[in-house]
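Chain residues, written in single-letter form:
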Amino acid sequence: MDPTVERRCHLLFGLSLVLLTFGIGYCVIVGTCLADFIVVIAGLFVGWVALFYCLGNASFWG
């Protein structure tokens, strides 16, 4: 995998984990989940984009 693509993959997965951790953690600690629902959905969306981006640029395809 190209080093720039690898950095983008790590960045996207990291951003996804940060968004999910913040959204779910805030919901558990504070107890209000309505506003953080968008943060969790954004984290899931970024995670799926990262997965498809990284799989599409993986070196085992050809």
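As a convention, each chain's residues are numbered from 1 in the sequence order in which they are written. Given that the model is predicted, a residue must reach a pLDDT of at least 70 before its local features are reported, and side-chain atom pairs must reach 80 or more before they are shown or counted; all residues, however, enter totals for whole chains, interfaces and linings. By convention in this description, side-chain values take in all heavy atoms of the structure and omit both hydrogens and water.

Once that is clear, we can look at the environment of Leu-15. Turning to its location among the elements, Leu-15 is positioned in helix H1 (residues 3–30). Along the backbone, Leu-15 and Ala-50 are 35 residues apart, and their C-alpha atoms lie at a distance of 9.5 Å. What counts as a helix is a DSSP run of H or I of at least four residues, what counts as a strand is a run of E of at least two, and both are numbered from the N terminus.

Structurally, Val-18 is set in helix H1. Each C-alpha atom, one on Val-18 and one on Val-40, is 9.8 Å from the other, the two residues being 22 residues apart in sequence.

Moving on, we get to the UniProt feature "transmembrane region" (unreviewed entry) in the protein. Mapped onto this numbering, the UniProt entry annotates "transmembrane region" (unreviewed entry) at residues 12–31 and 37–56. The distance separating the terminal C-alpha atoms of residues 12–31 is 27 Å; by composition the span is 95% helix and 0% strand. Helix makes up 100% of residues 37–56 and strand 0%, with an end-to-end C-alpha separation of 29 Å. UniProt positions are given in the numbering used here, feature names are shortened, and annotations may be inferred rather than shown by experiment.

This paragraph deals with a nonpolar patch on the surface. By definition, no residue in a patch forms a salt bridge, and every one has over 30% relative accessible area; like charges are joined within 9 Å, nonpolar side chains (Val, Leu, Ile, Met, Phe, Trp, Tyr) within 5 Å. For every accessible area listed, the method is Shrake-Rupley and the probe measures 1.4 Å; residues are considered covered only by the protein chains on display. The salt bridge definition used is simple: a Lys or Arg side-chain nitrogen within 4 Å of an Asp or Glu carboxyl oxygen. The grouping of Phe-13, Phe-37, Ile-41, Leu-44, Trp-48, Leu-51, Phe-52, Leu-55 and Phe-60 at the surface amounts to a nonpolar patch, some 920 Å² of accessible area in total. Tallying contributions element by element places helix H2 (residues 36–56) first for the nonpolar patch, with 7 residues. In this fold, Leu-55 is placed in helix H2.

Here H1 spans 40 Å end to end across 28 residues, near enough to the 40 Å set by a 1.5 Å rise per residue. Each residue is placed in one exposure class: buried if its accessible area under a 1.4 Å probe, protein chains only, is under 20% of its type's maximum, exposed if it is over 50%, and partly exposed if it falls in between. Those residues of H1 that sit buried are Val-5, Cys-9, Ser-16, Leu-20 and Gly-23. Contacts are residue-level and defined by heavy atoms, with any inter-residue pair within 4.5 Å sufficient. At its buried positions, H1 is contacted by H2. Phi for Gly-31, located one or two positions after H1, is positive at around 100°. A helix's residues, less one, multiplied by 1.5 Å, set its expected span.

Between H1 and H2, the least distance of the axes is 8 Å, while the angle of their chain directions is 160°. Between H1 and H2, the interaxial angle falls into the category roughly antiparallel. Regarding H1 and H2, the two cross each other, and that crossing is left-handed. In the scheme used here, Gly and all other residues not listed as nonpolar or charged are polar, with Ala, Val, Leu, Ile, Met, Phe, Trp, Tyr, Cys and Pro taken as nonpolar and Asp, Glu, Lys and Arg as charged. Residues that form the contact of H1 with H2 fall into these classes: 20 nonpolar, 4 polar and 2 charged. Note on geometry: axes are C-alpha line fits, over the in-contact stretch for helices, and angles between N-to-C directions span 0 to 180 degrees. To sort the angles, those under 35 degrees are grouped as roughly parallel, those over 145 as roughly antiparallel, those from 65 to 115 as roughly perpendicular, and the leftovers as oblique. Crossings are assigned a handedness: left-handed for a near helix turned anticlockwise from the far helix by less than a right angle, right-handed for a clockwise turn.

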